[in-house]
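Architecture and fold: a report
Listed here are the chains, written in short residue letters.
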Amino acid sequence: MTTSISSTSPSTPELVKAAPGTVERIVLTVPDPQATAEFLSSGLDMEIVENDGRLLAVCDGEYGSGRGQGAIELVAGDELVVDKLIFALPADAELDQLQRMLGGSRTDTSLELVEPATQVTVVFEVGAQLAVAVPDASVLRPRRMGHVNLKSPQPAETASFFQDVIGLRLSEYIGDALFWLRTDTEHHNVALRPGGPRAVHHLGFEVAGWHAYQPILDRLGTRGYKVEYGPGRHRPGRSLFTYVCDPASGLRVELFADMVHIPDGSTPPIAWEPGDRMTKTLNTWGPLPPESFLA
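Given the structure is predicted, the values throughout are model-derived calculations rather than measurements.

Comments concerning the environment of Ala71
Mapped onto the secondary structure, Ala71 falls in strand β4 (residues 71-76). Its relative accessible area of 1% is what places Ala71 among the buried residues. Measuring from C-alpha to C-alpha, the distance between Ala71 and Leu55 comes to 9.6 Å, with 16 residues separating the pair along the chain.

Structure, rendered in structure tokens:
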């Protein structure tokens, strides 16, 4: 198997230094923000907040905590696309130095650059730029947004960008097509697969564990939202999974639990052959997904 992805730690200084799950926020364009907000609220009990003209869906965790417990920001547009992927930086981060290393454009509190293949704008924000009150805890709501699974016309090149430019580590990959990368110890916070620019396959939201699925899936069912795939267990990350889709936008949400952590930064990534995807990695429990999931 050949791949252009380095199997070692990134050669550039590690730029994102925070706890696991440092993807702080994602900005999505959707045809009907209110309808997608209704799916996230009615189906997943997420808190919907309007903040400074922004429509946000918030999980249990404290937004701006540096733990990845951020929000989905919904913006009106013709179709479901990713506008921005936002990483949190420590309050003492040196944006001038970061810009000298990476280029891009900056404000007093952020630096933006565009990933060439996906055309997604990657943003580094110093501190929490949106103040959102923490909702009351709920067994029916995911804990946090743990990862983003993006599509790319050139997945290997995009994986190299996230390693060499952003400073993520490669955890696992299948041929030249599927990649799982982490910001710290959690198996992946950004994943990549083939597809068109600015497209997203799913957003991964952590739930408390196996026991959390029954009340959440019962709520989804009573609201008329049907599971697309799962429950099951992926081999990459060894996480439990269940997927459900927003009927208004097509946004796919993964409810995951028990994601493995990789504490040793020198641990080499796990490599799989292309043919292993359907036979060994997608679901260790056996059932394969519907065609809609593979698109």
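Let's pick the thread back up.
Topic: the packing of aromatic side chains
Within the structure shown, the criterion is met by eleven aromatic pairs. Where Tyr243 meets Phe293, the ring centres are 4.7 Å apart and the plane angle is 70 degrees; that geometry is what we call edge-to-face. Here the residue Tyr243 occupies a position in strand β15 (residues 240-245), and Phe293 occupies one in helix α6 (residues 291-294), the gap between them amounting to 50 residues. The burial state of Tyr243 is the same as that of Phe293; both residues are buried. Through a chain of ring-to-ring contacts, the aromatic side chains of Tyr229, Phe241, Tyr243 and Phe293 assemble into a single cluster.

What to know about the sheet that holds strand β2 (residues 47-51)
With respect to topology, eight strands assemble into an open sheet ordered β2-β3-β4-β1-β5-β8-β7-β6, the strand pairing being mixed. Across the chains shown, the open sheet's two edge strands, defined by having one partner strand only, are β2 and β6 (105-106). Two strands pair when backbone bridges link them, and β2 and strand β3 (residues 54-58) are joined in this way by five bridges, in the antiparallel orientation. Bridge pairing in β3 places Val49 opposite Leu56. The strands that helix α1 (residues 33-44) touches are β1 (23-30), β2, β3 and β4; relative to β4, the one it contacts most, it runs at about 155 degrees.

Regarding the pairing of β1
Of all eight residues in β1, eight are buried, a share of seventy percent or more. Inspection of the sheet shows β1 paired to β4 by six bridges, in the parallel sense. Each residue of the ladder has a partner; that of Arg25, found in β4, is Ala71.

Side note on the confidence of the model for the protein
The predicted model of the protein averages 88 in pLDDT, with 87% of residues at 70 or higher. Every residue in residues 1-21 scores below 50 in pLDDT, and together they form 70 contacts with partners more than four places removed in sequence or on other chains. Below a pLDDT of 50 lies the segment residues 62-68, which in the model reaches 27 contacts outside its immediate sequence neighbourhood of four places, other chains included.

As for the pattern of salt bridges
All told, the structure shown has 13 salt bridges when counted by the stated rule. With its nearest N and O atoms 3.7 Å apart, the salt bridge here joins Lys280 to Asp276. Residue Lys280 and its partner Asp276 are located together in helix α5 (residues 276-281), separated by four residues, close to a single helical turn. Judged by its relative accessible area of 11%, Asp276 falls in the buried class.

Cut-offs applied
Numbering of residues begins from 1 in every chain and follows the order in which that chain's sequence is written. Whole-chain, interface and lining totals are the exception, using all residues; otherwise, since this is a predicted model, local features are given only for residues with pLDDT of at least 70 and side-chain atom pairs are given and counted only at 80 or more. In computing side-chain properties, one takes all heavy atoms of the structure into account and sets aside hydrogens as well as water. Secondary structure elements are defined from DSSP: runs of H or I of at least 4 residues count as helices, runs of E of at least 2 residues count as strands, and each element is numbered from the N terminus. The buried label goes to any residue with under 20% of its type's maximum accessible area, the exposed label to any with over 50%, and the partly exposed label to all in between, with areas taken from a 1.4 Å probe on protein chains only. Note on aromatic pairs: the rings of Phe, Tyr and Trp (six-membered ring only in Trp) are paired at centre separations within 6.5 Å, and the planes decide the class, stacked below 30 degrees, edge-to-face beyond 60, tilted for the rest. Whether two strands pair depends on DSSP finding at least two bridges between them. Contacts between residues were defined by any pair of non-hydrogen atoms, one from each residue, lying within 4.5 Å. To get an axis, a line is fitted to the C-alpha atoms, and for a helix only the part in contact is used. The angle between two axes follows their N-to-C directions and goes from 0 to 180 degrees. For every residue, the pLDDT score states the predictor's confidence, bounded by 0 at the bottom and 100 at the top. By definition here, a salt bridge exists when the distance from a side-chain nitrogen of Lys or Arg to a carboxyl oxygen of Asp or Glu is within 4 Å.

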